[in-house]
Every structure is written in C-alpha cells, then in structure tokens.
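Coordinate analysis (summary)
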Amino acid sequence: MPDPLTEQPADTLNATQTVAAIRAGRLTATQAATACLHRIALRDGAIQAWAHLDRATALESARSTDVAGATGALAGLPIGVKDVITTRDFPTTYNCRFHEAARSDAHADASCVAILRQAGATIIGKTATVELASIGAVPPTMNPQAPGHTPGGSSSGSAAAVADGHVPVALGTQTGGSIIRPASFCGVWALKPTWGLIATEGAKPFSPSLDTIGWFARDAGDLGLVLDVFAPGQRDVPPLQDLRIALWQTPVWHAAEADTRTAMTQCATMLAKAGANVEQLVLPPLFEALAEDQLTIMFGEGGRSFLREAVLGPDLIAPAILDMVRNRRNITAQILREAMDRTARCRAEFDRLTAPFDAVICPSTPGPAPFGLDATGSLIFNGMLTALNIPAVNMPLHRTPAGLPVGLTLCGPRWSDHKVLSVAQAIGTHTKTQP
C-alpha cells in the first residue's frame, strides 16, 4: 500500500522509513503488515523463505499496535523471526522432525522477541532455517538475488525474506557463519552483534560460547534502529576522510576467490579516494589456528546441546547431528580446552591490536553464493569472527560481472557495535552517492 506522502509502496520502505511513516500517521501498522503479507503471498511460492505464517495472527498484532498508539521505537515495524527462536503465537519447529513430532516446546516469546514486541514491532511469521540452525536438513529456500544458488544458512529464510522485500527486518542466529554468510550471498545488510549483547534465552542452543542473535535489514541505518532497542548508544556517522581503516585478509586468505579479492581491492580504493587512511592488518601466528578452533568449539559444545534429540529421537534428526552428539570428530576434553584457551587469547589480542582503528574490513565469504541448494556455502571467514565474539556487519557493496552479490565484513573490538555501525553507515551512504 502506498505511503500517501512518498507514493512509495509500503513493502519497499526500509525499517526507518516504515517507522517514521507510522509515527507520522501516514501509514498504519496494519497497512505495513498487510503490504508485507501481500508481497509474501506474491513471491514466497518461488522463494520459500517462510516456515510458518498466519495472516490473521500477524494482522491482529498490527491492529493492537494501532489501537494502543504506535509510539514505540519500532512502532508497527514488520519483522520476521528465524524458526529456532521461540514465539508465543507461531510454532517453533527448528526444521527438525523431532520437534515437529513432539510439539513439546511451550509457546512463549524468546527474550529478544518480547523486547521487540514491547518496542512496537509486528511479528509477521517464522523464517526457514537449516535443521536446528546446525548441520542438518537444508530448507528449500531460494536465493532471490541469484536463482539456482544457495541463499546461505542457517538463517536462510531471514536473509531471503529481507532480500526479496517480504519484511524490512528479520532475526537470525550465528554460531559459525549463519548471519554474515547468507547476508553476503543474498546481498543485504546484517549485524552479528558482540557475543552476549543480545540475550539468547528462548533461542535453540548450539554452541553457547558462540551463539549470537542478530538481524538482517536493507541498510546500515536500519541495523542501528534495531540495535538501539537492545543497547541504546550514540552513533554519529563520521566523514570517511577522518577514518583509519584496517584491511585484514585473515589467515585463510587462500580461500578467497577472485570476486572476493576484487571486492576487497575495490573497497580499499574507494575508501582511499574518499580520504580514509587504509592500512593492512597483519595479526600474529596465534591467529593461525582460529578457524579450526572455532569448529572444534562449535562441534564440541554442539554434541552436548543436541543430546536430548539424539537420546529421545535419534531417527528424527539428521545423521550429521547424531554424529556430532556421538563425537565422531573425537574432540577430547583436552582438545576442546586448548581450542577455548587459544581463542580466548585471540579475543584479547584482537581487541588490543585493532583498538587504534575505526573499523576492520575482511571478507564475508570466499566468493558469491555457490550454485545449488543442497549446501549453504563455506563459513571459513565469518566463523573466525564468531569465535572472536566481535561485532560484524555484512556490507553488500560488490557484485560479480554476472550480478551475484559478494559481501565484505566490517568489524571491530568486542562491544564496539555502535562505532562499527557508524562506520558501516558512512561507507554505505558514500557508496549510494557514487555514480
């Protein structure tokens, strides 16, 4: 439905524009939700981004906002929620036959969902996920930016829903690469906050040392709009010429494909032309094991997290998850302890060595989304960032000659989320104004 002042269809408004229009009385929460549901009805037969939808439930939530008065920070904003995060009014089945059969989880809002509702958001439905946000069954979700190519995972539906204009914002989770990777593949902005910034109560655990709740949006400003609900902070968008930016190729640069290497080079050139001081960041040998240590921690803790499913319904979960519980990787207590200790040292060193910079840029993924839907792509780059517990923003700044998105990640020390987002917004604004 068009915004009467801008004549822009409501389902094309970003989050900031939607909230502003509702607060100003130019749009109602019900109209915003209706526009999103209309877009979903038109497109989701092809995209399959949604696991659970109930039009009447979503509209009733939006009407309640209109009746009460849309005064919250997210007044009437339609949001999708990954189907591993519980909601009181939509089922949560984790794309897992065990949970679909048991239906044992109480219908209650996860902490993050309750906070979003209190801020005025309308929960539209549950987005598709890889089984248990882990290594199981892959949903049939299509990449709307690259037909036939994976949307990434495990937050497949959330990334695709935002990329295809179904909702302005969608929640995801990341334990390895489950937010940054699909954001890169689908060409949208996304924030994986500092670990611990958003309470994970009500989200299915995988690896508690790594699990992080984040979200997808259409621009960096929208990421900040949601961040302020959970952690209010100051964000002054800085001029690029005042910035000191580090380029970090990471210890796994060998995995970067030509398109990612081109994206890094072009971004560095753009920033330098804009007056930023761009420097190469080289970290000590301690970081060489970080990618492997992240996997060790993830699979080591994951074996405990999914014990319930493995004991009560071993034939109702993916064999790969069952293997994790049975420790087929032979991750001993000593191996896990050493990986955790090295990673802890890396976190402190990363914070110290990157503190002089305004932000750090590194690859989001090896390259564009691979063709096919059976796998969700490599987490080799963003898994390290998850292990470091740092804030990370996917910036959809580059496309291949064939038109496929390739993201870059902007990151910084732990708890520098607002600063990193400010820099991301400055870069995003600059790229929009370039011919």
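Structure first, text after, so check above.
On a predicted model such as this, the values are computed, not experimentally measured, just so you know. By convention here, each chain's residues receive numbers from 1 onward along its written sequence. Confidence filtering applies because this is a predicted model: local features only for residues at pLDDT of at least 70, side-chain atom pairs given and counted only at 80 or more, and all residues used for totals across whole chains, interfaces and linings. Side-chain figures throughout are based on the complete set of non-hydrogen atoms in the structure, without hydrogens or water.

A word on the packing of aromatic side chains. Each Phe, Tyr or Trp ring (for Trp, its six-membered ring) is paired with any other whose centre lies within 6.5 Å, and the angle between the two planes then decides the class: stacked below 30 degrees, edge-to-face above 60, tilted in between. One pass over the full model with this rule turns up three aromatic pairs. Taking the centre distance of 5.3 Å and the plane angle of 40° together, the rings of phenylalanine 206 and phenylalanine 306 count as tilted. Of this pair, phenylalanine 206 sits in the loop between β5 (189–192) and β6 (212–217) while phenylalanine 306 sits in the loop between α10 (290–305) and α11 (307–312), placing them 100 residues apart in sequence. Both residues of the pair, phenylalanine 206 and phenylalanine 306, belong to the buried class. Each ring is checked for a lysine NZ or an arginine CZ that lies within 6 Å of its centre and within 35 degrees of its normal; such an atom marks a charge sitting over the ring. In this structure, arginine 244 is placed above the aromatic ring of phenylalanine 357, and the distance from its NZ or CZ to the ring centre is 4.4 Å. Between the NZ or CZ atom of arginine 329 and the centre of the ring of phenylalanine 299, over which it lies, the distance is 3.7 Å. Put simply, DSSP marks the helices as runs of H or I at least four residues long and the strands as runs of E at least two long, and each gets a number from the N terminus on. Whether a residue is buried, partly exposed or exposed follows from its accessible area with a 1.4 Å probe, protein chains only, as a fraction of its type maximum: under 20%, in between, or over 50%, in that order.

The next subject is the pattern of salt bridges. For this document, the term salt bridge refers to a Lys or Arg side-chain nitrogen within 4 Å of an Asp or Glu carboxyl oxygen. One pass over the full model with this rule turns up 15 salt bridges. With its nearest N and O atoms 3.9 Å apart, the salt bridge here joins glutamate 60 to arginine 63. On the criterion of helical spacing, the pair formed by glutamate 60 and arginine 63 is a turn pair, its members being three residues apart in helix α3 (residues 55–68). According to the relative accessible area criterion, arginine 63 is partly exposed, its value standing at 39%. With a shortest N-O distance of 2.8 Å, aspartate 89 and arginine 117 are connected by a salt bridge. You can see aspartate 89 sitting in the loop between β2 (78–82) and α4 (97–102) and its partner arginine 117 sitting in helix α5 (residues 111–118), a full 28 residues away along the chain. Aspartate 89 sits in the partly exposed class, given a relative accessible area of 26%. A single network of salt bridges, built from pairs that share partners, joins Arg88, Asp89, Asp109 and Arg117.

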